[in-house]
Amino acid sequence: MGEAILGKLSALGLGGLVLGSFLEALGVPLFPGGIIVILAGFLVARGYFPFPAALTATVAGFALGSLIAYLVGRKVGEDFFSVLGRWFRLPLSRLEQARLHLRRFSPGFVLFGRFLPGMGNLVPYLAGISGVSPALFLGLTLVFALAWGALYLSLGMFFEYGWQQAARKLQPFLFLAGISGLFVYWFVFQYRPWRRA
């Protein structure tokens, strides 16, 4: 599978990398966007792409896909909350309370929730639904995309042909990084034990 994707990616060039990271950010189920970026790192190591161009393509595709997903979440957010209220017979005050809670925690999810397998695909939609400001969302998304793209491209460059080993070794780290980041965010910005005194 890796060699087939690598062949197609080398044929598509940087446009294929933009498309791959775009689809990854949209949360297309079972789409191997992370693997495509790692394999692009192989192509960087082989001299097909310069690293800055590959990183720019990755960040641009990811930011655009995330922004579209965010706008979809923002557009259907009102409808989602009203349907949810009718289904579960919840008063509007409870729904508004849930929405504010989601909004309060969304900035942490924009940065750290993307590292959680399965949850990362929902992050931009949840941010849109909860009403995170577009500027904050885009800023946090760019920070994440830059770090994610640099990490995955670097892993591809490092492992070049051992892509299965890279994916196996990376998965536990990403899960732990996501959980740790969410905990730190919760502790620092939500729990704040030093402010309880």
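Residues numbered from 1 in each chain as written. Predicted model: local features only at pLDDT ≥ 70, side-chain atom pairs only at ≥ 80, totals over all residues. Heavy atoms only, no water.

A.B. asks: I keep staring at the overall build of the protein and nothing clicks. Help me out?
C.D. replies: Along the backbone of the protein there are 8 helices and 0 strands. The order of α-helices and β-strands along the protein, N terminus first, is α-α-α-α-α-α-α-α. Accessible area for the protein stands at about 10800 Å²; split by element, carbon and sulfur atoms hold 70% of it. (Helix = DSSP H or I, 4+ residues; strand = E, 2+ residues; numbered from the N terminus. Areas by Shrake-Rupley, 256 points an atom, 1.4 Å probe, with all protein chains shown as cover.)

A.B. asks: How do you make sense of the packing of helix α2 (residues 14-26) against helix α3 (residues 33-45) when you look at a structure like this?
C.D. replies: Packed helix pairs are specified by the crossing angle of their axes together with the interaxial distance, meaning the distance between the axes. At their nearest, the axes of α2 and α3 sit 8 Å apart, and the two run at 150 degrees to each other. If you check the angle between α2 and α3, you find them roughly antiparallel. The interaxial crossing formed by α2 with α3 has left-handed handedness. Here L17, G20 and E24 of α2 lie close against α3, whose contacting residues are G33, G34, I36, V37 and A40. (Axes fitted to C-alpha atoms, helices over the stretch in contact; angles between N-to-C directions. Parallel < 35°, antiparallel > 145°, perpendicular 65-115°, else oblique. Left-handed = near helix turned anticlockwise from the far one by under 90°. Contact = heavy atoms within 4.5 Å.)

A.B. asks: I keep staring at helix α7 (residues 134-159) and nothing clicks. Help me out?
C.D. replies: Helical geometry: 3.6 residues make up each α-helical turn, so side chains three or four residues apart lie on a common side. Given a rise of 1.5 Å per residue, 26 residues ought to cover 38 Å, and the 36 Å separating the end C-alpha atoms of α7 matches this to within 8%. E160 sits one or two residues past α7 and shows a positive phi near 35 degrees. (Expected span 1.5 Å × (residues − 1).)

A.B. asks: I keep staring at the environment of L14 and nothing clicks. Help me out?
C.D. replies: Relative to the helices and strands, L14 is located in helix α2. Accessibility expressed as a relative area gives 29% for L14, which makes it partly exposed. Residues L14 and T58 lie 44 residues apart in sequence; the distance between their C-alpha atoms is 8.6 Å. (Buried < 20%, exposed > 50% of the residue type's maximum accessible area, 1.4 Å probe, protein only.)

A.B. asks: What is the right way to read the side chain of T58 from this model?
C.D. replies: Position of T58 among the secondary structure elements: in helix α4 (residues 51-88). T58 sits in the buried class, given a relative accessible area of 0%.

A.B. asks: Quick question: what am I supposed to make of the nonpolar core here?
C.D. replies: Side chains of nonpolar character tend, in soluble globular proteins, to be buried together. In terms of nonpolar packing, the biggest core is built from 27 residues, with L9, L17 and Y152 touching the most fellow members. Breaking this core down by element, the ones donating at least two residues are α2, α3, α4, α7 and α8 (163-191). A total of 8 residues in this core trace back to one element, the largest contributor, which is α3. Contacts of Y152, omitting those with residues within four sequence positions, involve G34, V37, I38, L170 and L174. (Core = buried A, V, L, I, M, F, W, Y, C linked by side-chain atoms within 4.5 Å.)

A.B. asks: Explanation requested: the packing of aromatic side chains in the structure shown.
C.D. replies: The relation between two aromatic rings is expressed through the spacing of the ring centres and the mutual angle of the planes. Counted by the stated rule, this structure contains 5 aromatic pairs. A ring pair is formed by F62 and W148, whose centres lie 4.9 Å apart and whose planes are at 40 degrees; its orientation type is tilted. With a gap of 86 residues between them, F62 in helix α4 and W148 in helix α7 connect regions that are remote in the sequence. Side by side, F62 and W148 carry an identical accessibility label, which is buried. On the basis of an interplanar angle of 15 degrees and a centroid distance of 6.4 Å, the ring pair of F144 and W148 is categorised as stacked. Taken together, the residues F144 and W148, both in helix α7 and 4 residues apart, mark about one turn of the helix. (Phe/Tyr/Trp six-rings, centres within 6.5 Å; stacked < 30°, edge-to-face > 60°.)

A.B. asks: Please explain the UniProt feature "transmembrane region" (unreviewed entry) in the protein as it appears in this structure.
C.D. replies: Within the UniProt annotation, "transmembrane region" (unreviewed entry) is assigned to residues 12-45, 51-72, 109-129, 135-158 and 170-188. Secondary structure over residues 12-45 splits into 79% helix and 0% strand, and the C-alpha atoms at its two ends are 17 Å apart. A helix fraction of 100% and a strand fraction of 0% characterise residues 51-72, whose end C-alpha atoms lie 32 Å from each other. (UniProt positions renumbered as here; feature names shortened; annotations may be inferred.)

A.B. asks: Any chance you could explain the environment of Y125 here in plain terms?
C.D. replies: With respect to the helices and strands, Y125 occurs in helix α6 (residues 123-130). In the structure, Y125 is positioned 57 residues away from I68 in sequence and 9.0 Å away in space, judged by C-alpha atoms. Setting aside residues up to four positions removed in sequence, Y125 forms contacts with L26, A69, V72 and G73.

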